[in-house]
Amino acid sequence: MYIVSACLCGVDCKYNGKNNLNEKCLKLFKEGRAILVCPEQLGGLPTPRNPVELQGTSDKIIGNREGKAISSTGEDCTNQFIKGAYETLKIAQTIGIDKAILKEGSPSCGCNFVYDGTFSGNKIKGKGITAYLLEKEGMTVFSDEDIEDNHDKLVYLDKFDREKAKKRKLFKQIEEEEEYVEEEYYDLTEGLSESGELPSSVEKNVKRLMVSLAKDLMGFDNLEEISEATGIDVEDVKKMLEDTDDDE
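Summarised in this report is the structure supplied together with it. None of these values were measured; they are calculated from a predicted model.

A few words on the overall build of the protein. Counting its secondary structure elements, the protein contains ten helices and eight strands. With the model as given, the accessible surface of the protein reaches about 14,300 Å², and the carbon-plus-sulfur share is 48%.

Structure, rendered in structure tokens:
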């Protein structure tokens, strides 16, 4: 499960009232694997709103207020940005989510770079306030660019490029592991509801087979784990395993 910037799933919550639709993020959302957030809205800012850039780094803005989040019209939005970051963290911690995919370049969600505070379109290495806080609290934070396939032939001489390469690799590993878990899941209890209609001798053999699958195929050694996986009473599981040992 991921915390995901809502704009990446087509929600019109950008400062200009538009979105940054990303098909991979939308797929995660449709699969029920994403909780959508907009830190700036959570902090109380409207949509649309004036663009905001950071004057100072996120660690100092959050830590001791050395710096500000200032709009293009000069409005100080620091409090709203910090509040939105903590509200996002609260959502993640309440649900138990430890990964996030956030919009690159945003003063809230930027993971690798942000704009330099001059409203001239110049980007610098840095993190948005929410991205910084989530990482500080132990979450793994990806940008929307980190999850895209990269076909460039890069030489990772720069630490920034090396970190982005690691993020791409990590996201790919996480997704491959998720797919593997879904493909390899066996519900051993599916056949139990019908086993009551079987002759008792056949029902006994079916249950013994299920216990054997749980132990030998799925690798469960604990009686309680086998019982939970098969839906068979712990005492019955114990007796079947003892009978199997006697047969051997």
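Back to the write-up after that little detour.
So, on to the nonpolar core. General note: in soluble globular proteins, nonpolar side chains tend to be found buried as a group. In this structure, L102, I129 and V141 are the most contacted members of the largest nonpolar core, which totals 25 residues. Counting only elements with at least two residues in this core, the list comes to β3 (52–55), α3 (58–64), α4 (78–95), β5 (99–102) and α5 (129–136). Once residues within four sequence positions are removed from consideration, V141 is found in contact with A100, L102, C111, A131, L134, E135 and K167. Membership of the second largest hydrophobic core comes to 17 residues, among which are A6, L28, C38 and F142.

As a further point, take the pairing of β5. Of the two faces of β5, the one lined by K99 and I101 and the one lined by A100 and L102 are each fully buried. With two bridges joining them, strand β1 (residues 2–5) and β5 adopt parallel strand pairing. Bridge assignment links I3 to a residue of β5, and that residue is A100. Here four bridges tie β5 to strand β8 (residues 140–143), and the two strands are oriented parallel to one another. Residue pairing for β8: A100 is matched across the bridge by V141.

Quick look at the sheet that holds β1 now. Working definition: the strands of a sheet are paired by backbone hydrogen bonds and lie parallel or antiparallel to each other. On the basis of which strands lie adjacent, the open sheet formed by four strands has the order β2-β1-β5-β8 and parallel pairing. Since the sheet does not close on itself, it has two edges, and those belong to β2 (34–37) and β8, each with one partner. Across the sheet, the mean angle separating the axes of adjacent strands is 25° when strand polarity is ignored. Contacts from helix α1 (residues 23–30) reach β1, β2 and β5 within the one sheet, and its direction differs from that of β2 by about 115°. Against the sheet, α4 touches β1 and β2, its axis set at about 160° to β2.

With that settled, consider the pattern of salt bridges. In a structure, side chains of opposite charge can pair up when their charged atoms sit close to one another. This model, assessed by the stated rule, comprises nine salt bridges. The shortest N-O distance in the salt bridge between K27 and E31 comes to 2.6 Å. Notably, a salt bridge pairs K68 with D76, separated by 4.0 Å at the nearest N-O pair. Residue classification places K68 among the partly exposed positions, given a relative accessible area of 41%. Exposure remark for D76: the relative accessible area of 39% places this residue in the partly exposed category. Residues participating in the shared-partner salt-bridge network are K27, E31 and R33.

This part is about the side chain of S5. With respect to the element layout, S5 can be found in strand β1. With residues up to four places along the chain from it excluded, the contact list for S5 reads V37, I101, L102, K103 and C109.

Moving on, we get to unusual backbone geometry. Residue P48 is reached from T47 by a cis peptide bond, and omega for that bond is 0°. Along the chain, P48 turns up in the loop between α2 (39–42) and β3. For R65, which is not glycine, the phi torsion reads 60° and is therefore positive. In this structure, F119 takes a positive phi of about 55° despite not being glycine.

The terminal C-alpha atoms of α4 lie 26 Å apart, and with 18 residues this matches the ideal 26 Å at 1.5 Å per residue to within 8%. G96 sits one or two residues past α4 and shows a positive phi near 85°.

Below, the discussion takes up the packing of α4 against α5. Following both chains from N to C, one finds α4 and α5 inclined at 40°, their axes separated by 9 Å at the closest point. Judged on the interaxial angle alone, α5 and α4 are oblique. Considering only the axes of α4 and α5, their crossing is right-handed. In this structure, α4 uses F81, I82, G84, A85, Y86, T88 and L89 to contact α5, whose residues at the interface are I129, T130, L133 and L134.

Cut-offs applied
Residues numbered from 1 in each chain as written. Predicted model: local features only at pLDDT ≥ 70, side-chain atom pairs only at ≥ 80, totals over all residues. Heavy atoms only, no water. Helix = DSSP H or I, 4+ residues; strand = E, 2+ residues; numbered from the N terminus. Areas by Shrake-Rupley, 256 points an atom, 1.4 Å probe, with all protein chains shown as cover. Core = buried A, V, L, I, M, F, W, Y, C linked by side-chain atoms within 4.5 Å. Buried < 20%, exposed > 50% of the residue type's maximum accessible area, 1.4 Å probe, protein only. Contact = heavy atoms within 4.5 Å. Pairing = 2+ DSSP bridges. Axes fitted to C-alpha atoms, helices over the stretch in contact; angles between N-to-C directions. Salt bridge = Lys/Arg side-chain N within 4 Å of Asp/Glu carboxyl O. Expected span 1.5 Å × (residues − 1). Parallel < 35°, antiparallel > 145°, perpendicular 65-115°, else oblique. Left-handed = near helix turned anticlockwise from the far one by under 90°.

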